[in-house]
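# Commentary on secondary and tertiary structure
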Amino acid sequence: MRKRLMETAAPAAFVVMWSSAFIAGIIGVGAAPPMVVLFARFACAGLVLALYAVVVGARWPRGRQLAHVAVAGLLMQMVQFGAFYTAMADHVSAAVISLVQGLNPVVIALFAGTVLGESVTVRQWIGFGVGGLGVGLAVADQSHFSATGLVLCVVGLLGLSLGTVYQKRFVPQVDTRTNTAVHVLISAPVAGILMLGSGDMHIADPLRFAGSLMWMVAINAVACFLLLNAMLRRWDATRVGKLFFVTPLVTAGLAWLLIAQPLRPLTIAGLGVGLLGMVLASLRSGTRPDAAGAGEPAAPASGAVLGRRPGLAVLR
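Residues numbered from 1 in each chain as written. Predicted model: local features only at pLDDT ≥ 70, side-chain atom pairs only at ≥ 80, totals over all residues. Heavy atoms only, no water.

This paragraph deals with the overall build of the chain. Counting its secondary structure elements, the chain contains 12 helices and zero strands. For the chain, the succession of helices and strands along the chain, N to C, is α-α-α-α-α-α-α-α-α-α-α-α. For the chain, the residues scored as buried account for 54% of the 316 residues in total. Restricting the contact set of the chain to residue pairs at least 6 apart, pairs at least 24 apart contribute 84%. Carbon and sulfur atoms provide 69% of the accessible area of the chain, an area that totals close to 13300 Å². (Helix = DSSP H or I, 4+ residues; strand = E, 2+ residues; numbered from the N terminus. Buried < 20%, exposed > 50% of the residue type's maximum accessible area, 1.4 Å probe, protein only. Contact = heavy atoms within 4.5 Å. Areas by Shrake-Rupley, 256 points an atom, 1.4 Å probe, with all protein chains shown as cover.)

This is the structure we're talking about:
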């Protein structure tokens, strides 16, 4: 009975928790400036994750390895979420941002062909085109949208994808627990500097700000991280990676239900087309989707049971 519950409840809970990060982010930037939200989130989550890594005795990167992890962290955390949170403040919907982030596997495949010398198939190129069309459809259905918001979404996607490829290239063997902690901790002071430089640190709604922050740290950072690793101990990374294909659809549903973001026919069509693009780009030689689509975590150096590549453990 317990095993059956894990088989059904854990994946559903993970998808909902992962998708809820976009909702929490929109609530947060509605209550405070994006960099204030980002700094608070990075600082709190970083301390919690670092404490967890210390308690379990995870191995910390050092020297040149630490420098590479820091660079990857700035790209995957600061650039990605700095751009996405600013896009949220610019009225880009949760569904669009989730769909753009979902194109990460496609962009990783294209970058990997150049940087890592991996082959890029025709199907992956088609998947990239189909996924881009899906984003275009979803964006076209937004009543409040700007070119700046679209550029920010692209910047966030590139930060995540480049950071993932960079980590795979320079530090493929690193403990994911300390890796994630370093990613967040190195990004916190950068967000703090940008926050101070903006001169806007006013929290308009302290209650909503505190609520969204607690959710992002407790649920999106800690609970998602632990549940992800628990699933990876039981199942292969390919099976877990498939869960990320449905997160844009779940995000759109949560945004409609919880924060009254409209779910119009063209948006639904865009999400469906984007999902098709992600699946196409993740298929290799006519086989099942590759979990690198969501980005698998780096293989740990101290025996933790995780995946083979960086990315799945990207902090929400």
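Let us look at the packing of helix α3 (residues 63-89) against helix α8 (residues 176-198). Put simply, α3 and α8 touch, their axes get as near as 8 Å, and they point 60° apart. It follows that α3 is oblique to α8 by the angle criterion. In terms of crossing hand, the pair formed by α3 and α8 is right-handed. Along the contact surface, α3 presents Leu66, Val69, Ala70, Ala72, Gly73, Leu74, Met76, Gln77 and Met78, while α8 presents Asn179, Val182, His183, Val184, Ile186, Ser187, Val190, Ala191 and Leu194. Looking at the contact of α3 with α8 residue by residue, the class counts come to 13 nonpolar, five polar and no charged. (Axes fitted to C-alpha atoms, helices over the stretch in contact; angles between N-to-C directions. Parallel < 35°, antiparallel > 145°, perpendicular 65-115°, else oblique. Left-handed = near helix turned anticlockwise from the far one by under 90°. Nonpolar A, V, L, I, M, F, W, Y, C, P; charged D, E, K, R; others polar.)

Our focus in this paragraph is the pattern of salt bridges. On inspection of all chains with the given rule, the structure shows two salt bridges. Note that Asp175 is salt-bridged to Arg177, the shortest N-O span being 2.7 Å. As far as burial versus exposure is concerned, Asp175 and Arg177 are alike and both buried. One salt bridge in this structure joins Asp205 and Arg208, with 3.9 Å as the shortest N-O distance. Given a relative accessible area of 26%, Asp205 falls into the partly exposed group. (Salt bridge = Lys/Arg side-chain N within 4 Å of Asp/Glu carboxyl O.)

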